[in-house]
Amino acid sequence: MNITVQGITFSYRSTPTLKAISTQLNQSEVLGMVGPNGSGKTTLLKCINKILEPKQGKILLGEQALNKMSRLQVAKQIGYVPQSTAGNNEATTVFEMVLMGRRPHVTWQSSEKDEEKVWQALKTLSVEHLAMRNFYELSGGEQQRVLVARSLAQEAKVLLLDEPTSNLDIRHQLEVMSLTRKLVLKEKLAAAVAIHDLNLAARYCDKIVMMKEGKIFAAGDSAQVLTAENIGLAYRVEVEISYCRNSPYIIPIAPIY
Ligand SMILES: Nc1ncnc2c1ncn2[C@@H]1O[C@H](COP(=O)(O)OP(=O)(O)OP(=O)(O)O)[C@@H](O)[C@H]1O
Ligand SMILES: [Mg+2]
């Protein structure tokens, strides 16, 4: 399933946050979304997930226009891991949280098959031992892994991950990214990952879009996008680029004033 984003514009207030964005999420590819804080990555992911409605332009899920689809239809196809989960006073177990990923499939009661999918997903993300804990009492990184498990249990065709590695230790960063990549290849999914770690993006993303002030500033493979010049202009940071296993490896040197 491919997703095509055609010239979308979105505004929260009077000034547009996304300005005529066009991009493509291809089946069997991981698209990395990078760019400075506030450049519009989360807003773009929310438009693709139909949480927000673009003011102009069009998003196609396969051949279908997203604005013609119901929330339920979208939820069956797209798995979304948000950037942060606001605290909640209600106790929800990890198991229930991941089972919610099955909601679009569940009619009125979860079946054995749903529960089996949940256990499988918990196991894949190595969070089985947390199944009966309250989700909201977990550490940030544990929560992120549970949310990735939820998107797995959902069996979505498209995965949208908003900074899934921001709270993870180095081992779990590699695990979540390599798992995403393997899954995308095996199940022929399309995935978009907003990510601040340029080196993880370089290593695990097939294509990268670099955003700046609501526009796509550069797009292509990691060697085309993650150049010292682009990073200097987008982030105002001087970097040196080395190479590690055929991927660019970015060493930040100093802010540019
Ligand atoms: N709910 C909202 N209401 C008003 N403005 C918002 C809202 N959400 C985001 N914005 C603004 O829209 C712009 C883009 O925000 P967005 O969250 O998409 O950026 P981002 O690239 O994901 O940033 P980060 O790297 O910090 O996660 C920012 O200027 C932000 O302040
Ligand atoms: Mg964001």
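This one's a predicted model, so the numbers in the text were calculated from it and none came from an experiment. (Residues numbered from 1 in each chain as written. Chains lettered and ligands numbered in written order. Predicted model: local features only at pLDDT ≥ 70, side-chain atom pairs only at ≥ 80, totals over all residues. Heavy atoms only, no water.)

Asker: Just checking my understanding: could you explain helix α9 (residues 228–235) for this structure?
Answerer: Along an α-helix, residues three or four apart share an orientation, since each turn contains 3.6 residues. By the burial criterion, the buried members of α9 are N230, I231, G232 and A234. The inward-facing, buried residues of α9 contact α7 (198–204), β9 (207–212), β10 (215–220), α8 (222–225), β11 (237–244) and β12 (247–255). R236, located one to two residues past α9, shows a positive phi value of around 55°. (Buried < 20%, exposed > 50% of the residue type's maximum accessible area, 1.4 Å probe, protein only. Helix = DSSP H or I, 4+ residues; strand = E, 2+ residues; numbered from the N terminus. Contact = heavy atoms within 4.5 Å.)

Asker: Explanation requested: the pairing of strand β7 (residues 158–162) in the structure shown.
Answerer: Side-chain direction in a regular strand flips from residue to residue, so the side chains alternate between the two faces of the sheet. In terms of residue burial, β7 counts as a mostly covered element, since five of its five residues are buried. Residues V158, L160 and D162 of β7 are buried on one face, and the alternating residues L159 and L161, pointing to the opposite face, are buried as well. Strand direction decides the pairing type here: strand β6 (residues 78–81) and β7, joined by four bridges, are parallel. By the bridge assignment, I78 is partnered in β7 with V158. With five bridges joining them, β7 and strand β8 (residues 190–194) adopt parallel strand pairing. Considered in β8, the bridge of L160 is made with A192. (Pairing = 2+ DSSP bridges.)

Asker: Would you mind going over the pairing of β12 with me for this structure?
Answerer: In the sheet, β11 pairs with β12 via eight bridges, with the strands oriented antiparallel. Following the sheet pairing, E240 is matched in β12 by I251. What sits between the antiparallel neighbours β11 and β12 is a turn of two residues, in which R245 has the positive phi angle 50°.

Asker: When you look at the layout of surface pockets in this model, what are you seeing that I'm missing?
Answerer: A probe as big as a water molecule, rolled over the atoms, marks out the empty space that is left. Taken as a whole, the largest pocket encloses approximately 380 Å³ of empty space. Lining the largest pocket are 17 residues, with L152, E155, L183, K186 and E187 sitting closest to its centre. At the level of elements, α4 (112–124), α5 (140–153) and α6 (170–186) are the ones that each hand at least two residues to the lining of the largest pocket. In the lining of the largest pocket, the residues fall into eight nonpolar, three polar and six charged. The volume enclosed by the second largest pocket comes to roughly 320 Å³. Along its surface, the second largest pocket is lined by 13 residues, and N49, R71, Y80, R150 and Q154 are the ones closest to its centre. Where the lining of the second largest pocket is concerned, the elements lending two or more residues are α2 (71–77) and β6. Looking at the lining of the second largest pocket residue by residue, the class counts come to seven nonpolar, three polar and three charged. (1 Å grid on protein atoms, 1.4 Å probe; cavity = no way out; pocket = protein on both sides within 12 Å on 5 of 7 lines; lining within 4 Å. Points joined across faces, edges and corners; volume = space filled by probe spheres on them. Nonpolar A, V, L, I, M, F, W, Y, C, P; charged D, E, K, R; others polar.)

Asker: Would you take a moment to explain the site of ligand 1 for this structure?
Answerer: The environment of ligand 1 is made up of 14 residues, and the closest members are G38, K41, T42, T43 and H196. Separating an oxygen atom of ligand 1 from a backbone N or O atom of G40 is a distance of 2.9 Å. Protein burial of ligand 1: of its 640 Å² of free accessible surface, 62% is covered by the chains. Each residue belonging to the shell around ligand 1 can be placed in one class, and the counts come to two nonpolar, nine polar and three charged. (Near = heavy atom within 4 Å. Polar contact = N/O pair within 3.5 Å; in protein donor to acceptor, adjacent residues only side chain to side chain. Areas by Shrake-Rupley, 256 points an atom, 1.4 Å probe, with all protein chains shown as cover.)

Asker: Is there a simple way to explain the sheet that holds strand β4 (residues 56–61) in this structure?
Answerer: What holds strands together in a sheet is hydrogen bonding between their backbones, with the strands either parallel or antiparallel. With respect to topology, four strands assemble into an open sheet ordered β2-β1-β4-β5, the strand pairing being antiparallel. At either margin of the open sheet sits one strand with a lone partner, and together these are β2 (18–25) and β5 (64–65). Judged from the two bridges that link them, β4 and β5 form a sheet pairing that is antiparallel. Following the sheet pairing, L61 is matched in β5 by Q64. The strands touched by helix α1 (residues 41–48) are β1 (3–10), β2 and β4; relative to β1, the strand with the most contacts, the crossing angle is about 120°. (Axes fitted to C-alpha atoms, helices over the stretch in contact; angles between N-to-C directions.)

Asker: What is the right way to look at the side chain of S222 in this model?
Answerer: Among the structural elements, S222 can be located in helix α8. Sequence-distant contacts of S222, defined by excluding residues within four places in its chain, comprise A202, I208 and P248.

Asker: Would you take a moment to explain the coordination of the magnesium ion (ligand 2) for this structure?
Answerer: For a metal with four tetrahedral donors the ideal donor-metal-donor angle is 109.5 degrees, whereas six octahedral donors ideally subtend 90 or 180 degrees. Coordination sphere of the magnesium ion (ligand 2), protein contribution only: T42 (OG1) and Q83 (OE1), at 2.0 to 2.2 Å. On the criterion of sequence distance, the pair formed by T42 in helix α1 and Q83 in the loop between β6 and α3 (94–99) is long-range, its members being 41 residues apart. Classification of T42 as partly exposed rests on a relative accessible area of 21%. (Donors = N, O, S within 2.8 Å, 3.2 Å for Na, K, Ca; no water.)

Asker: When you look at the pattern of salt bridges in this model, what are you seeing that I'm missing?
Answerer: A side chain with one charge can pair with a side chain of the opposite charge if their charged atoms come near. In this structure the tally under the stated criterion is seven salt bridges. Notably, a salt bridge pairs E155 with R102, separated by 3.0 Å at the nearest N-O pair. You can see E155 sitting in the loop between α5 and β7 and its partner R102 sitting in the loop between α3 and α4, a full 53 residues away along the chain. Exposure remark for E155: the relative accessible area of 36% places this residue in the partly exposed category. (Salt bridge = Lys/Arg side-chain N within 4 Å of Asp/Glu carboxyl O.)

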